[in-house]
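Examination of the molecular architecture
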Protein chains: 2
Amino acid sequence: MRLAIDVMGGDEGPRALIEGAARAVTDFPGLELILFGPRQQIEAERLRLPRPLAAATSRLAIHDVSQSVTTDATAGWVLRHGQSTSMAQMLRCVALGNAQAGVSVGNTAALVALARRELGMLSGMSRPAISTAIPARFGRRCYLLDLGANVDSPASRLVEFAMMGAAMAQQVDGIQQPRVALLNVGAESTKGSASVREADSLLRAASSLPFAYHGYAEGGDIFQGNLDVIVCDGFAGNAVLKASEGLSGMLVERVQLAFASRLRGRLASWIAKPVLKHLKQELDPVRYNGASLLGLQGIVVKSHGGTHADGFYFAIRRAMREVEHNLPERLAERYSIYG
Amino acid sequence: MRLAIDVMGGDEGPRALIEGAARAVTDFPGLELILFGPRQQIEAERLRLPRPLAAATSRLAIHDVSQSVTTDATAGWVLRHGQSTSMAQMLRCVALGNAQAGVSVGNTAALVALARRELGMLSGMSRPAISTAIPARFGRRCYLLDLGANVDSPASRLVEFAMMGAAMAQQVDGIQQPRVALLNVGAESTKGSASVREADSLLRAASSLPFAYHGYAEGGDIFQGNLDVIVCDGFAGNAVLKASEGLSGMLVERVQLAFASRLRGRLASWIAKPVLKHLKQELDPVRYNGASLLGLQGIVVKSHGGTHADGFYFAIRRAMREVEHNLPERLAERYSIYG
C-alpha cells in the first residue's frame, strides 16, 4: 500500500508528522509513504529519528515541494494560486493513482477545496463532508458529520451526509444496519430548523434506505452509544466538536488539579497519570484519530494541526483502513442503488 | 422578595422542587415563594420536608392549579389551551406584579411561548433567548446564548442576543466591559454561515457598543475563560450545551471507572468521590444553575427538568440575583441607547 503524506501545515512543523509516518512504516512492512514537503527539511528530520524507527526510512520517499498552504489561506486563494503547494501535489498524486490515499494536517478549507478539484466528487454527491468517530458509552463510537466543510446545508445535502456516514459505519466498522439520526434541538417533529425538518421528511419518505433511520437526536445522544451516525450542518458539527475538545481538555485539567490537591507526589502520579493520559487520548478524537473527507472519488484524511506523532500515526492507520475497505467505491455503489 | 414557582413538569414530580424551594426560604428570611400546582400534592410534600426546612414553610404559599403543561406539549397547543396550567398561572402572577420573577422546570418551548405572551418583550427585542453561564478555565464563566428558543436566527436577532448577553454579564456579574464574540466555524472573516457573517458586519459597523466585540469565536473558546458572552443561533447553542452535558456525564463516569479499577473500596471513595461530585455539579450548568429567558419584560428562569433540590435551589438564587440587579430594566435602558 502506498499513501501520500503532506508533512506541511502542522502547528509545530513536520517533525512530529515524520515521526508518526516512520512509526507507521515500521509497524506495517507492506506500507510505503511519499512525504510531500521541502526535501532538505524532511531529510534532516529523517536523520533525527530514533534508531528503531530509522531502519524503515527507506519506505519514506520524499517528493520535494517548497511551497505550502498557510493556515490563513482561503479556499479561493488555494484554488487560484495553490497548485504547487505540498497539499495540492499530495492530492494530485492520489488523483493520478500513484497513491491510494492522502493525509494532511493542513488548513481544512484549503484541503476540502483542493481535494474536491483534484479528486472530484462521487456521482450524486455535491460537496465533501468531514467526519470523525466520537467515542461514546459502552466502548462504542458515533460518526458525526459534517464537521465544518459545509455551512447553511440544505436538506438534500443532509441526506447525502446520512448516506456517507452510514457507508462509513458499514464498510469500515462492519455495522450491518447503522443507526442514523439527524441532530435537532428536540425529539419532537415540530421542532428544529427548516432544512432539518425537510431532511427528516425526505428520509422518512425514502422507500428503502441502506441504514436504520432513527429520526431526531439531541447533542447528548452523540455520547450515549445508541446511534452510529449523527448528521448535522457543518456549523453545528464544528461547534459541537470543538466545544467537546475544549471541554474534555478543561475537565482533564480539573481532575488533575483536584487529585493533585488530595494526593501527594508519587501516589498522585501512580494513580492519576495513566488514567488521565488515557482519557485525554480517548476524548480528543480528531487529534488522535483524524477526520475523513467523504464523498470524494478518493480517500483523504485530515489530521489535527496540533497533533503529536501518535495522533498522526492513527490518522495514517485511518487512511489505511479506508483503503482496505475500498470506501469510496462502496459508497458509490450504495449511493447509486439508493440515491 | 416574592417569586412565583411552577412546581410541575419535573421529570420526577414536585418533591425535589419543593425541597429546593424550602431550602431557599430557609436561607433567605426575606424571601417568599408562591408554589403553583395541585394543593393536595404540594401540601403532602411540604409535610414530608425534613425538620430544619419545615420551619420556614409558612413562606411557601400555595396557588392551587390542577392542570400542568406536559413535556410533549407544543408552543401552539399551550398558547391555545394552556391558560389554566400551573406554568401560565405562574407567569400571569409575574405579569401582574404579584411576584418579581418566575421559575419553572417545565417544557422549554411552552415556557418561551407563554412567557412571551404573558410578559411581553422589551422594546426592540423580537423573541426571548435562553442563556446560561458555562463554567470556563480560571474559575471564569461564559454566557452562551441562544440555547434553543430560536432556530434559523437572522443576523438582527444574533445582534439582539449579543446585547442581551452583554447586559447579563454587566448587570448580574458586574463585568464593566463584557467581551462578546459570535460563534463561528473559524476565526477568519470569510468563514461561516450567511447570518453570522452579516451579524459580524452589523456589530463592526455599530458606532458605539456597550461591550467589547471580539469578532468570531470557535466552540472551544467557550471553556477558555477569555470571553464573557458567546452568541449563536439556538440550534448550535442547544447542540453544544447538550453535547457538553452528555460528554461531562460520560467523562465523570469514565474517571470513576478508571479509578475504581486502580483503587479499592474506601480509598477510592475517600479520594475520588468528593472530587467527582464537585466536578459533576460544576459541569452541568443548566441542571445546577438554571437558564435565564432574556428579552422579556420580566424575569423568568428555566431550571432543568431532571434537576435535584440543590439545582432548583440555585435556579431560585439565579432569579433572585436577576431581581436584585433589575435585569430587564437595565437591558431596556442599554438597548434604548444603543439599539
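These numbers come from a predicted model, not from an experiment.

With that settled, the discussion passes to the pattern of salt bridges. All told, the structure shown has 26 salt bridges over all chains when counted by the stated rule. Across the pair Glu45 of chain B and Arg15 of chain B runs a salt bridge, and its minimum N-O distance is 2.9 Å. Taken as a pair, Glu45 of chain B in helix H2 (residues 39–48) and Arg15 of chain B in helix H1 (residues 15–27) lie far apart in primary sequence, 30 residues in all. Judged by relative accessible area, Arg15 of chain B falls into the partly exposed class, the value being 41%. For the salt bridge of Glu43 of chain B with Arg39 of chain B, the shortest nitrogen-to-oxygen distance reads 3.8 Å. Of this pair, Glu43 of chain B and Arg39 of chain B both sit in helix H2, 4 residues apart, which is roughly one turn of the helix. Among the charged side chains, a network of salt bridges with common partners joins Arg92, Arg117 and Glu118 of chain A.

Right, let's talk about the packing of helix H7 (residues 155–171) of chain B against helix H8 (residues 194–205) of chain B for a bit. Residue and element names in this part refer to chain B. Two numbers describe how H7 lies on H8: the axes approach to 8 Å, and their chain directions differ by 55 degrees. Regarding the angle of H7 to H8, the classification is oblique. In this structure, the crossing between H7 and H8 has a hand that is right-handed. Contacts between H7 and H8 involve Ala155, Ser156, Leu158, Val159 and Ala162 on the former and, on the latter, Ser195, Val196, Glu198, Ala199, Leu202 and Leu203. Across the contact of H7 with H8, the residue classes break down as 8 nonpolar, 2 polar and 1 charged.

What follows deals with the relation of the copies chain A and chain B. Overlay of chain A on chain B (RMSD 0.0 Å): rotation 180 degrees, translation along the axis 0.0 Å. Both copies of the chain, as the preceding transformation shows, are related through a two-fold rotation axis. The residues that chain A uses at the interface reappear at the interface of chain B in 100% of cases, marking a shared surface.

Residue and element names in this part refer to chain A. When the domains of chain A are assigned, the result is domain 1 (1–121 + 295–307) and domain 2 (129–292). For domain 1 versus domain 2, the distance between C-alpha centres works out to 26 Å. Facing the 10 residues of domain 1 at the interface are 9 residues of domain 2. Taken together, the two surfaces of domain 1 and domain 2 that pack against each other cover about 730 Å², and 59% of this comes from carbon and sulfur. Viewed at the interface, domain 2 and domain 1 are joined by 1 residue pair in polar contact (both at pLDDT 80 or more). Sorting the residues of the side of domain 1 that touches domain 2 by element identifies helix H6 (108–119) and strand E11 (299–302) as the ones contributing at least two each. Residue classes in the side of domain 1 that touches domain 2 are distributed as 3 nonpolar, 6 polar and 1 charged.

With that settled, the discussion passes to the interface of chain A and chain B. On the side of chain B, 53 residues touch chain A, which itself brings 53 residues to the contact. Roughly 4,700 Å² of surface becomes buried between chain A and chain B when both sides are summed, with 71% attributable to carbon and sulfur atoms. Run the count over chain A and chain B and you get 4 salt bridges. Salt-bridge contacts for Glu253 of chain A lead to Arg137 of chain B; the nearest nitrogen and oxygen are separated by 2.8 Å. Counting every contact that joins chain A to chain B gives 10 residue pairs in polar contact (both at pLDDT 80 or more). Contributions of two or more residues to the side of chain A that touches chain B are made by helix H8 (194–205), helix H9 (234–262) and helix H10 (265–282) of chain A. Partitioning the side of chain A that touches chain B into residue classes produces 29 nonpolar, 14 polar and 10 charged.

Attention now moves to the packing of aromatic side chains. All names here are of chain A. Counting across every chain of the model gives 2 aromatic pairs over all chains. A centroid spacing of 5.5 Å and a plane angle of 80 degrees characterise the contact between Tyr313 and Phe314, whose relative ring orientation is edge-to-face. For Phe314, a relative accessible area of 36% puts it in the partly exposed group.

Let's shift gears to the packing of helix H5 (residues 86–95) of chain A against H6 of chain A. When two helices pack together, their arrangement is given by the angle between the helix axes and the distance between those axes. All names here are of chain A. Where H5 contacts H6, the axes come no closer than 9 Å and their chain directions differ by 35 degrees. Between H5 and H6 the crossing geometry is right-handed. Residues Met87, Ala88, Met90, Leu91, Arg92, Val94 and Ala95 of H5 pack against Ala110, Leu111, Leu114, Ala115, Glu118 and Leu119 of H6. For the contact of H5 with H6, a count of residues per class yields 11 nonpolar, no polar and 2 charged.

Now for unusual backbone geometry. In this model, Leu145 of chain A is joined to Asp146 of chain A through a cis peptide bond whose omega is 0 degrees. Position of Asp146 of chain A among the secondary structure elements: in the loop between strand E6 (141–145) and helix H7 (155–171). Not every positive phi belongs to a glycine, and Asp152 of chain A is a case in point at roughly 55 degrees. On the basis of relative accessible area, Asp152 of chain A is assigned to the partly exposed category, the value being 46%. The residue Asn326 of chain B is not glycine, and still its phi comes out positive at about 55 degrees. Relative to the elements of secondary structure, Asn326 of chain B occurs in the loop between helix H12 (309–324) and helix H13 (327–338). Note on Asn326 of chain B: relative accessible area 29%, which makes it partly exposed.

The rules behind these values
- Residues numbered from 1 in each chain as written.
- Chains lettered and ligands numbered in written order.
- Predicted model: local features only at pLDDT ≥ 70, side-chain atom pairs only at ≥ 80, totals over all residues.
- Heavy atoms only, no water.
- Salt bridge = Lys/Arg side-chain N within 4 Å of Asp/Glu carboxyl O.
- Helix = DSSP H or I, 4+ residues; strand = E, 2+ residues; numbered from the N terminus.
- Buried < 20%, exposed > 50% of the residue type's maximum accessible area, 1.4 Å probe, protein only.
- Axes fitted to C-alpha atoms, helices over the stretch in contact; angles between N-to-C directions.
- Parallel < 35°, antiparallel > 145°, perpendicular 65-115°, else oblique.
- Left-handed = near helix turned anticlockwise from the far one by under 90°.
- Contact = heavy atoms within 4.5 Å.
- Nonpolar A, V, L, I, M, F, W, Y, C, P; charged D, E, K, R; others polar.
- Least-squares fit on C-alpha atoms with pLDDT ≥ 70 in both.
- Domains from an automatic or database assignment.
- Buried area = accessible area lost by both parts, 1.4 Å probe.
- Polar contact = N/O pair within 3.5 Å; in protein donor to acceptor, adjacent residues only side chain to side chain.
- Phe/Tyr/Trp six-rings, centres within 6.5 Å; stacked < 30°, edge-to-face > 60°.

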